[in-house]
Amino acid sequence: MIVTKQAVLRRFWYAVMPMSLLDEGQQGFTLLGEKIVLWKTAEGKIACLQDRCCHRTAKLSLGFVENDNIVCGYHGWTFDTAGACVRIPQRPDEPISAKHCVKAFRAEEKYGYVWVALDDPLTGIPEIPEAALPGFRQVPEFYEPWKIGALRLMENSFDSAHVAYVHRETFGDVAQPEVGAREVDVSDFGFDSAYDSPVVVRGDTAQKAVVTADGRTVRHTHSTWYMPFARRTAIRYPHGLQHVLITCATPMDDGNTMVVQWVYRNDTEADVASADVVAFDRAVTLEDQLILESCEADVPLSTQDGEELHMPSDRPGLIMRRMLSQLLREHGETEQRAFA
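Scoring rules and cut-offs
Residues numbered from 1 in each chain as written. Predicted model: local features only at pLDDT ≥ 70, side-chain atom pairs only at ≥ 80, totals over all residues. Heavy atoms only, no water. Buried < 20%, exposed > 50% of the residue type's maximum accessible area, 1.4 Å probe, protein only. Helix = DSSP H or I, 4+ residues; strand = E, 2+ residues; numbered from the N terminus. Arc of directions from axis to C-beta. Polar contact = N/O pair within 3.5 Å; in protein donor to acceptor, adjacent residues only side chain to side chain. Pairing = 2+ DSSP bridges. Axes fitted to C-alpha atoms, helices over the stretch in contact; angles between N-to-C directions. Parallel < 35°, antiparallel > 145°, perpendicular 65-115°, else oblique. Left-handed = near helix turned anticlockwise from the far one by under 90°. Contact = heavy atoms within 4.5 Å. Nonpolar A, V, L, I, M, F, W, Y, C, P; charged D, E, K, R; others polar.

Peer 1: Which parts of the structure should I look at to understand helix 3 (residues 203-210)?
Peer 2: Quick reminder: α-helices carry 3.6 residues per turn. Residues three or four places apart thus point the same way. Among the residues making up helix 3, those that are buried are Ala206, Ala209 and Val210. Summarising the axial view, the buried residues of helix 3 lie within an arc of 90°, below the 170-degree limit, and thus occupy one face.

Peer 1: I'm lost on the environment of Gln304 in this one. Help?
Peer 2: With respect to the helices and strands, the residue Gln304 is situated in the loop between helix 4 (274-292) and helix 5 (315-330). Taking the relative accessible area as the measure of exposure, Gln304 reaches 70% and is therefore exposed. A distance of 3.4 Å separates the side chain of Gln304 from the side chain of Thr303, its partner in a polar contact.

Peer 1: Explanation requested: the pairing of strand 4 (residues 46-50) in the structure shown.
Peer 2: Remark: a regular strand shows side chains that alternate across the two faces of the sheet. For strand 4, the tally of buried residues reaches four of five residues, placing the bulk of the element in the interior. Relative to strand 4, strand 3 (residues 34-40) is paired through five bridges, and the arrangement is antiparallel. Paired with Leu38 across the two strands is Cys48, which belongs to strand 4. The antiparallel hairpin formed by strand 3 and strand 4 contains five residues in its connecting segment, where Gly44 sits at a positive phi of about 90°.

Peer 1: Please clarify how the packing of helix 3 against helix 4 should be interpreted in this entry.
Peer 2: In a pair of packed helices, the angle between the axes and the distance between the axes together describe the arrangement. Contact pair helix 3 / helix 4: the axes reach a minimum separation of 8 Å and the direction vectors enclose 125°. In this view, helix 3 runs oblique relative to helix 4, as classed from their interaxial angle. Crossing of helix 3 over helix 4 shows left-handed handedness. Two secondary-structure elements touch here, helix 3 through Thr205, Ala206, Lys208 and Ala209 and helix 4 through Asp276, Val277, Ala279 and Phe280.

Peer 1: Please explain the packing of helix 1 (residues 150-157) against helix 5 as it appears in this structure.
Peer 2: Where helix 1 meets helix 5, the axes come as close as 9 Å, and the angle between the chain directions of the two elements is 140°. Relative to helix 5, the element helix 1 lies oblique. Along its contact with helix 1, which presents Leu151, Arg152, Met154 and Glu155, the element helix 5 presents Gly317, Leu318, Met320, Arg321 and Leu324. Residue classes in the contact of helix 1 with helix 5 are distributed as five nonpolar, one polar and three charged.

Shown next, in the form of structure tokens:
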């Protein structure tokens with residue numbers, strides 16, 4: 001599936017950057033091939049426009065913010081948060097036509113991140129229960145581009161079978177490659193999946209993050225897929241530690257994805273330093289990145305044509321593919337492929 005050619009994917013919310021980046025001024029981003037510019041008003045609201053001045057197509061992100069408006073760095077044309085041109089310096093006394101405008105997009109802040117929907121959203125921003133629960137802290141982890149397709153990362157997040165091999169240096173065990181069946185409870189725009197898995201706690205980095213000196217433990221995992229490219233994975237260890245991963249695979253274009261990840265934990269900084277939490281998850285994600293960047297970004301949604309072969313543990317990913325196929329059909333679209 002070529003994500004930039006599937007119009008319905010524009011109708012979801014995507015985490016595009018940490019809110020703190022807007023403290024530095026306007027920021028450019030590419031979402032589903034659409035170049036956008038974002039900035040924060042004096043009241044803290046987020047503005048999002050197409051990153052293209054309607055005069056000579058210069059990037060507005062190369063300009064500056066003035067009185068809550070964005071000023072093009074080329075000729076000074078100025079646009080308000082709704083995209084209307086409010087000033088043309090070279091024509092100070094002439095009325096400005098409504099045609100002089102830039103497309104605006106929806107943007108909101110949630111969980112400390114900027115979320116954008118390019119078209120009328122089909123769902124809300126995912127609800128993360130731990131964000132409102134007492135006793136949980138939030139630890140920012142990653143905001144970085146990977147050369148992968150967003151669906152590859154989502155499938156990988158629910159793939160139990162890759163752990164033994166991809167993560168053999170961190171918490172996997174090649175001597176135990178078999179995986180049990182996963183429960184999958186499907187909803188309108190995603191699913192929940194739960195399973196238990198034995199893991200190795202290998203080395204000081206893992207022991208600090210998991211808070212155990214035992215060489216092995218069991219993780220009870222409850223994961224939620226939020227269509228199309230976000231997940232929550234709540235990991236509970238026998239000694240009570242909860243480590244809840246939020247991963248957003250935000251598609252910049254067909255071959256590049258911004259990985260936005262943070263975690264919630266039911267401990268404190270005094271118990272485990274944030275740096276130690278990030279260090280372990282960093283080691284794990286680097287293993288994923290190496291493999292995933294070797295895979296083709298164009299994930300076929302068909303599960304029957306033999307282009308990619310499957311095994312029982314692939315079930316969550318196959319459900320994703322079938323649900324995305326159904327989404328396209330419901331909105332009058334056909335799957336677009338790189339070779340078409």
